Structures are given as C-alpha cells and as structure tokens.
Protein chains: 2
Amino acid sequence: MRKGEATRLRILEAAARQAAARGLTAVSLADVAEVVGLSKSGLFKHFDSKEAMQLAVIELVCARFIDFVWTAAREEPAGRARLLRAFDRWLEWGEHEWADCGCPVNAFIAELDDQPGPVRDLLRERLQVFRATGIGEMRRVRQPPLTEAEAQAAYFQMRSFVLGHADARRMMGDQDARDPARAAFEAMLDRVSAVAA
Amino acid sequence: MRKGEATRLRILEAAARQAAARGLTAVSLADVAEVVGLSKSGLFKHFDSKEAMQLAVIELVCARFIDFVWTAAREEPAGRARLLRAFDRWLEWGEHEWADCGCPVNAFIAELDDQPGPVRDLLRERLQVFRATGIGEMRRVRQPPLTEAEAQAAYFQMRSFVLGHADARRMMGDQDARDPARAAFEAMLDRVSAVAA
DNA sequence: TAAAAAAGAGCACGACCGGTCGCTTACGGG
DNA sequence: CCCGTAAGCGACCGGTCGTGCTCTTTTTTA
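The structure reproduced in this document is the subject of the present report. (Residues numbered from 1 in each chain as written. Chains lettered and ligands numbered in written order. Predicted model: local features only at pLDDT ≥ 70, side-chain atom pairs only at ≥ 80, totals over all residues. Heavy atoms only, no water.)

1. Overview of the overall build of chain A
What chain A contains, in helices and strands, is nine helices and zero strands. The helix and strand sequence of chain A, counted from the amino end, reads α-α-α-α-α-α-α-α-α. A principal-axis box enclosing the C-alpha atoms of chain A has dimensions of 60 × 35 × 30 Å. Looking at chain A as a whole, 52% of its 197 residues qualify as buried. When contacts within chain A are restricted to residue pairs at least 6 apart in sequence, those whose partners lie at least 24 apart make up 68%. A total of about 8800 Å² of accessible surface is found on chain A, and carbon and sulfur atoms cover 52% of it. (Helix = DSSP H or I, 4+ residues; strand = E, 2+ residues; numbered from the N terminus. Buried < 20%, exposed > 50% of the residue type's maximum accessible area, 1.4 Å probe, protein only. Contact = heavy atoms within 4.5 Å. Areas by Shrake-Rupley, 256 points an atom, 1.4 Å probe, with all protein chains shown as cover.)

Structure (structure tokens):
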C-alpha cells in the first residue's frame, strides 16, 4: 500500500496548487488527473468525492504551513527573535513556496468565508490553531508576558501586515512590499515590548 | 431606452452579490436571470458575454466603493478627521453594505490576483485609483504634509488593518474585530502625525 | 398612431462537470 | 511464487454551463 500513498500525495499537491490559483470548487478533477498523469476515474480510488479531496487538501496545506512558519521559527529563542523569524517565514510562504499561484490559505479563506459546510469548518478550526499559536508566541515577546488582550491586539496587527503584504505584492504588483510590512511589524513589536516593560 | 437601463442595473446588482459570495467566474447566468426575473437569453440583450458582465460588475462595485468611502469622507475636513471617517466607512462597507456576501472588492482581488486578462486589468486600475486617493488623503494628516514615502507606508498599514478586520470578522467569526482595527489605526495616525510635526 | 427599435422568451447546441461501473493490470504479503 | 487486493483505465451517465438562433412582446420615437 506504499505506492498508493505516494500517488495520493501527488494528487493533493496538484490539487492544492490548482485550488490556490482558481479556488477549491473550481478545481477540475480532469485537470488534476492530467497533471498527475492519471485518468479521472483513477482519482476516485484515492478520494470518495471532490469534497473529500478538498478536505485532504486543506489538511495538507495547513500542516505544511504550521511546519514552514512556526516549526521553523522555533529554531529561534522564544520572544522577539522567534516572532521576527515567523513573520519572515510567513511572508516567504506566500512569496516563494506558492509564488505562481498565491498563498492557498488566503485563497481558501476568501472563498469559504461565507460558504457554510464541513470544508469551511475544517479550515476555520485550523486557522484557530494558527491564531492560538501566534498569540501564544506573541505573549512571550516581553517579560513580564503580555496580557491575553495585548497579545490578541498584537497578533491582529501581525496578521494584518501579512495580509497587506500579500495584497500589495500580488494584486498591486508591488514586489517590494516586504519592506513596509517588515518595518511596520518591527515597530509594532518595539511598542508592545516597551510598554510597562 | 430607459427601461433597459433599469433592468441592466438590476442584473448588475444581482450579479455583484453573487460574485461577492461565490466569485466572478462562479456566477451562474441562470441564477442571475432567475433572481432578476428574466430568462437566461434575456440577459444577453444587456451584455454581449459573461466577461462583459464581469467588467460591468467591477465598474459598478468600484464606483460605489469610492462613493461610499471616500466621497462620504469628504464631508469631514481634510486630515485626521477625514481619514478616520474613511476608515470607519471602509469597515462599514464590508460589515453592512455587503453583510451577507462579504466585500466584493476583496473577493475579486483574491480571485483575480493570478488570473491575467482584461478583467484583472480593470480591477487593478481601479485599485490603483483607490490607493492613490488614500495616499493623497494620508499626506494631509500632518502639517507639513507627509512625504510620499511616509504616506505610502501609512496607507499600507491602513489597508492592512482593513484586511485584518475583514479576516477576523468573516473567517474567524469575531464580531468585535472593529475595536482592534480602529485602535491600531488611530494609534498609527497618532504616530505619523507626531513625527516631525 | 404606425413604424422602428429595444427587450425578452424559448429552444437547442457543444463542452465540460463530478461521479459510477466493470474491466484489467500490477503490486505486496504469505 | 501465487493470489488477493490495491491501483488505474475507458466508457458512460445526468446535469449545468455559456452562448447562439429565431420569434414574440413591449417600449420608444417620429
């Protein structure tokens, strides 16, 4: 049962890229099959339905995101250094890992935010994990730790700057969007670290 | 030719709401026709093709956005008051005007950011108008005016907080996202106003 | 008010959609 | 090595998609 698992991953890979570019529902099983080198019916040996494939795509992408951003950031000591690393990796996630099709997580959010159902539920659950992770790390930016409310506000801005970066870069064609995003984030870290330090 | 114009507007209205919810390409002409109370072929008396309708939808939505946010903000004196008003209207645009389906502009951006073609070109052109308007107003937040670079950085943050607000509110279900967004924006205005004031 | 023009209905088309079924092939554990 | 099973193929289904065609109804205008 080893070969099947490898094929399944190749399918998810192709589906994820297509979903990031066109949207989860706009993924064409025929196109995915062609990229992977399978027939359309061959896909159904790995997934019961398109929705099941969408769920698997979300799980794969979210697992990779956590690994790429937060696991990598844990190489740095907790606090400011780790947050800066996470922020850089977060920007890089959209800039390089998904350079051709854009960050799939953001694409999924935009598509699913008003589409009730199990697919959105799964995504929302993973996003809450991301958020809790980010807020947890944010608290440790200062000694004594930030309050929960402070950390939430700081994470809100962190998340906002990531979104602003993607917006400026992908839609407005501003390839230098990294600079204002990083500057804004660093300045924000300075402020929350300084208050009542 | 007066009745036709009214029908055309009703079509665009229905198409815009559907496009905001499902995406521009996912708009079904059959569904739009049913909402408007027309037959599918009747639509083609008002638009040569689906793409032509998409272009008209973008034009309508963008015109309404400029009016709702920036024209309304001009009731306030230039500077901080006007920017605060614009920010509030911007949040309200997503919260109330499009409460059921989400801000169509953001939806279009997410869908079109990697889809070359005349539809994206039109959207990008309008977004640049939005951006230029915002930056122009931002310069006047201080006397002497902000430099272009300062205003760009400030507008980046303004835009980011709007995006962060929509993200928190729509995807994470945080109905109180307005508070951190407004607090972050006001604090940012304070800082850019104070520097070398 | 009559003619011209616009608005719209009805229908059919080819393409593509997700999904099923039965068949064959190839792999993997005993 | 052998056999069960996983993997994959091709044909096909019902349905929806955007769009063209012709014909009728309504509106506008001269």
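Next comes the rest of the account.
2. Examining the relation of the copies chain A and chain B
The transformation that overlays chain A on chain B combines an axial shift of 0.0 Å with a rotation of 180°, and the residual RMSD is 0.0 Å. Each copy turns onto its partner about a two-fold axis. Looking at the rotation axis and the C-alpha trace of chain A, the residue lying nearest is S160 of chain A, at 2.4 Å. Taken as a fraction of all interface residues of chain A, those also at the interface in chain B reach 100%, which identifies the copy contact as same-surface. (Least-squares fit on C-alpha atoms with pLDDT ≥ 70 in both.)

3. Considerations on the protein's contact with DNA strand C
Lining the immediate surroundings of DNA strand C are 19 residues, of which K50 of chain A together with G4, S39, S41 and H46 of chain B lie closest. Considering DNA strand C, the proportion of its atoms within 4 Å of the protein that are sugar or phosphate atoms stands at 53%. Between DNA strand C and S28 of chain A, the relevant distance is 3.0 Å, taken from a phosphate oxygen to a side-chain nitrogen or oxygen of the residue. At 2.6 Å, a side-chain N or O of H46 of chain B approaches a phosphate oxygen of DNA strand C. The set of elements that each furnish at least two residues to the surface near DNA strand C consists of α2 (29-36) and α3 (40-43) of chain A together with α1 (2-22) and α3 (40-43) of chain B. Among the elements that line the surface near DNA strand C, the one with the most residues is α1 of chain B, at three residues. Here the surface near DNA strand C is built from residues that sort into six nonpolar, nine polar and four charged. (Near = heavy atom within 4 Å. Polar contact = N/O pair within 3.5 Å; in protein donor to acceptor, adjacent residues only side chain to side chain. Nonpolar A, V, L, I, M, F, W, Y, C, P; charged D, E, K, R; others polar.)

4. Looking at the protein's contact with DNA strand D
The immediate surroundings of DNA strand D are formed by 20 residues, with S39, S41 and H46 of chain A together with V27 and K50 of chain B found nearest. Considering DNA strand D, the proportion of its atoms within 4 Å of the protein that are sugar or phosphate atoms stands at 54%. The separation between a phosphate oxygen of DNA strand D and a polar side-chain atom of T7 of chain A is 3.5 Å. S28 of chain B places a polar side-chain atom, nitrogen or oxygen, 3.1 Å from a phosphate oxygen of DNA strand D. Residue contributions to the surface near DNA strand D peak at three residues, all from helix α1 (residues 2-22) of chain A. Of the residues in the surface near DNA strand D, the class split is six nonpolar, nine polar and five charged.

5. Remarks on the interface of chain A and chain B
Every contact between the two is made by 35 residues of chain A and, on the other side, 35 residues of chain B. Of the roughly 2800 Å² buried between chain A and chain B on both sides combined, carbon and sulfur atoms contribute 63%. For the chain A face of the interface with chain B, the top three residues by lost area are F156, M171 and M172 of chain A, together amounting to 26%. Viewed at the interface, chain B and chain A are joined by six salt bridges. (Buried area = accessible area lost by both parts, 1.4 Å probe. Salt bridge = Lys/Arg side-chain N within 4 Å of Asp/Glu carboxyl O.)

6. Some remarks on empty space enclosed by the protein
Applying the stated rule across the entire model yields four cavities of 30 Å³ or more. By volume, the largest cavity amounts to about 640 Å³. Considering the residues around the largest cavity, the lining is formed by 38 residues, among which A110 and L163 of chain A together with N106, A110 and L163 of chain B are closest to the centre. Looking at the lining of the largest cavity element by element, the count peaks at eight residues for helix α8 (residues 148-171) of chain B. Split by residue class, the lining of the largest cavity holds 21 nonpolar, six polar and 11 charged. (1 Å grid on protein atoms, 1.4 Å probe; cavity = no way out; pocket = protein on both sides within 12 Å on 5 of 7 lines; lining within 4 Å. Points joined across faces, edges and corners; volume = space filled by probe spheres on them.)

7. Description of unusual backbone geometry
Cis geometry is found at the peptide bond from Q143 of chain A to P144 of chain A, where omega equals 5°. As for its placement among the helices and strands, P144 of chain A is situated in the loop between α7 (118-139) and α8 (148-171).

8. So, the layout of surface pockets
Its boundaries defined by the atoms lining it, the largest pocket holds a volume of some 380 Å³. Lining the largest pocket are 22 residues, and of these R131, Y155 and F156 of chain A together with A168 and M172 of chain B sit closest to its centre. Within the residue set of the lining of the largest pocket, elements represented by two or more residues are α6 (104-112), α7 and α8 of chain A together with α8 of chain B. At seven residues, α8 of chain A tops the list of elements feeding residues into the lining of the largest pocket. Broken down by class, the residue content of the lining of the largest pocket amounts to 12 nonpolar, five polar and five charged.

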